[in-house]
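# Commentary on secondary and tertiary structure
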Amino acid sequence: MNLIVLLFALFCFVPFWLVFIDSFASEASFMAHGYQLLPSALTLDAYKFILQGDQIFRSYRVSILVTVLGTALSVIITAMYAYVIANRKFKYRNILSFLTYFTMVFGAGLVGFYILIANWLHLKDSVWALILPYLLNPFYAFILVSFYRTLPYEINESATIDGAREIRIFFKIILPITAPAIATITLFYALQYWNDWWLSLLFIDNYKLHPLQMMIRQLISNLNVSSYVSGSSTSYTVSAPTNVVQMATVCLTIGPIVLVYPFVQKYFVSGLTVGAIKG
């Protein structure tokens with residue numbers, strides 16, 4: 001069993017190692033030998049090339065803003081919405097549950113979604129176009145609903161008798177005791193916002209508002225990599241080290257979200273397993 005776990009860990013680790021170590025390889029070495037576990041020639045040229053321009057810093061600011069603001073708004077909205085659905089005293093909770101489930105099964109389609117964001121809400125080339133569409137995820141809401149329903153309803157009744165309103169019950173009582181589930185949803189939302197490039201592809205034409213994941217996509221598909229990295233329309237005669245630049249960009253963009261995970265790991269595990277065992 002230990003051998004199987006070890007082999008699986010190596011199977012997961014090797015791709016990350018190849019991307020990391022080959023981001024330090026020279027372009028000539030990579031073109032000659034491809035991916036290597038330990039390149040013969042190590043250099044910082046790819047990182048110097050990326051950091052020489054302003055695009056990486058602009059993309060970092062956009063990604064951090066979208067992830068922090070979007071995650072905070074999404075978690076509080078999803079938590080409050082799920083609490084309403086799980087609350088026995090709310091008359092229309094079954095209707096809201098059906099409407100939430102319906103959106104998981106049937107989508108509005110890309111055309112309607114684009115018209116809503118771009119033409120009706122006028123959010124093109126705005127960071128809100130990267131935040132608002134993900135504010136409420138029905139699947140995450142149902143995870144919280146299941147968690148809320150495992151809590152004794154007597155908690156609400158006791159607080160109500162003591163004169164507490166629903167908003168106070170939610171923020172003062174429910175949220176603190178649902179920290180594992182909230183932390184799990186927070187991590188899910190943070191990963192969703194940090195890794196998303198689809199919304200920026202649809203709604204962001206201004207490259208200065210591109211998040212990191214869109215920057216990676218542009219570096220993979222854009223023929224004029226030097227112009228994009230430097231944030232200028234000036235043409236360059238020196239060809240960019242495209243392959244190692246892509247890997248170096250991946251290494252630079254994956255760091256922050258990986259560092260967040262250890263702080264929420266204990267809540268993440270307990271949040272996934274809570275309610276799995278009864279008795």
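See the structure printed just above.
Let me sum up the structure you'll find in this document. As the structure is a prediction and not an experimental result, all values here were calculated from the model. Going along each chain's sequence as written, the residues are numbered from 1 onward. Only residues with pLDDT of at least 70 get local features here, since the model is predicted, and only at 80 or more are side-chain atom pairs given and counted; chain-wide, interface and lining totals rely on the full set of residues. Computation of side-chain values: all heavy atoms of the structure, hydrogens and water removed.

## Some words on the side chain of S63
Tracing the chain through its elements places S63 in helix 4 (residues 55-86). Two N or O atoms form a polar contact when they lie within 3.5 Å of each other; inside protein one atom must be a possible hydrogen donor and the other a possible acceptor, and for residues adjacent in sequence the pair counts only when both atoms belong to side chains. Of the polar contacts made by the side chain of S63, one reaches the backbone nitrogen of L212; its length is 2.8 Å. Contact definition: two residues touch when any of their heavy atoms are within 4.5 Å. What S63 contacts, discounting residues up to four positions off in sequence, is W194, P211 and L212. Under the DSSP-based scheme used, a helix requires at least four consecutive residues in state H or I and a strand at least two consecutive residues in state E, with every element numbered from the N terminus.

## What about a nonpolar patch on the surface?
There is a patch of nonpolar side chains on the surface, built from L65, L69, V111, Y114, I115, L116, W120, L121, W128 and L132 and spanning about 900 Å² of accessible area. Elements supplying a minimum of two residues to the nonpolar patch: helix 4 and helix 6 (110-120). On the secondary structure map, L65 appears in helix 4. Only protein chains enter the accessibility calculation, which uses a 1.4 Å probe. A residue is then buried if its area is under 20% of the maximum for its type, exposed if over 50%, and partly exposed in between. The exposure class assigned to L65 is partly exposed, which follows from its relative accessible area of 41%. Without a salt bridge and with relative accessible area above 30%, a residue can belong to a patch; like charges are then joined within 9 Å and nonpolar side chains (Val, Leu, Ile, Met, Phe, Trp, Tyr) within 5 Å. Only the protein chains shown count as covering a residue, and every accessible area follows the Shrake-Rupley method with a 1.4 Å probe. We define a salt bridge as a side-chain nitrogen of Lys or Arg found within 4 Å of a carboxyl oxygen belonging to Asp or Glu.

## Here's the deal with the packing of aromatic side chains
By convention here, two paired aromatic rings are described through the distance between centres and the angle between planes. Any two of the Phe, Tyr and Trp rings considered here, Trp counted by its six-membered ring, make a pair once their centres fall within 6.5 Å; the pair's planes then place it as stacked at under 30 degrees, edge-to-face at over 60, or tilted in between. Evaluated as defined, the whole model comprises 19 aromatic pairs. Aromatic pair F113 and F203: ring centres 5.6 Å apart, planes at 70°, arrangement edge-to-face. Of this pair, F113 sits in helix 6 while F203 sits in helix 11 (residues 198-203), and the two are 90 residues apart along the sequence. For F113, a relative accessible area of 23% translates into the label partly exposed. Pairing W197 with W198 gives two aromatic rings, centres 6.1 Å apart and planes at 90°, and the pair type is edge-to-face.

## Section: the packing of helix 7 (residues 138-148) against helix 10 (residues 179-195)
What describes two packed helices is the angle between their axes and the distance between those same axes. Interaxial distance between helix 7 and helix 10 falls to 10 Å at its minimum, and their mutual angle equals 175°. As the angle between them shows, helix 7 and helix 10 are arranged roughly antiparallel. On the side of helix 7, the interface is formed by Y140, I143, L144, F147 and Y148, while helix 10 contributes A181, I182, I185, F188, Y189 and Q192. Residues are sorted three ways: Asp, Glu, Lys and Arg are charged, Ala, Val, Leu, Ile, Met, Phe, Trp, Tyr, Cys and Pro are nonpolar, and all the rest, Gly among them, are polar. Among the residues making up the contact of helix 7 with helix 10, the classes are represented as 10 nonpolar, one polar and no charged. With axes taken as lines fitted to C-alpha atoms, and helix axes fitted only over the stretch in contact, angles between N-to-C directions fall between 0 and 180 degrees. Angle categories: roughly parallel below 35 degrees, roughly antiparallel above 145, roughly perpendicular from 65 to 115, and oblique for all the rest.

Interpretation in functional terms is not warranted from these geometric data alone.
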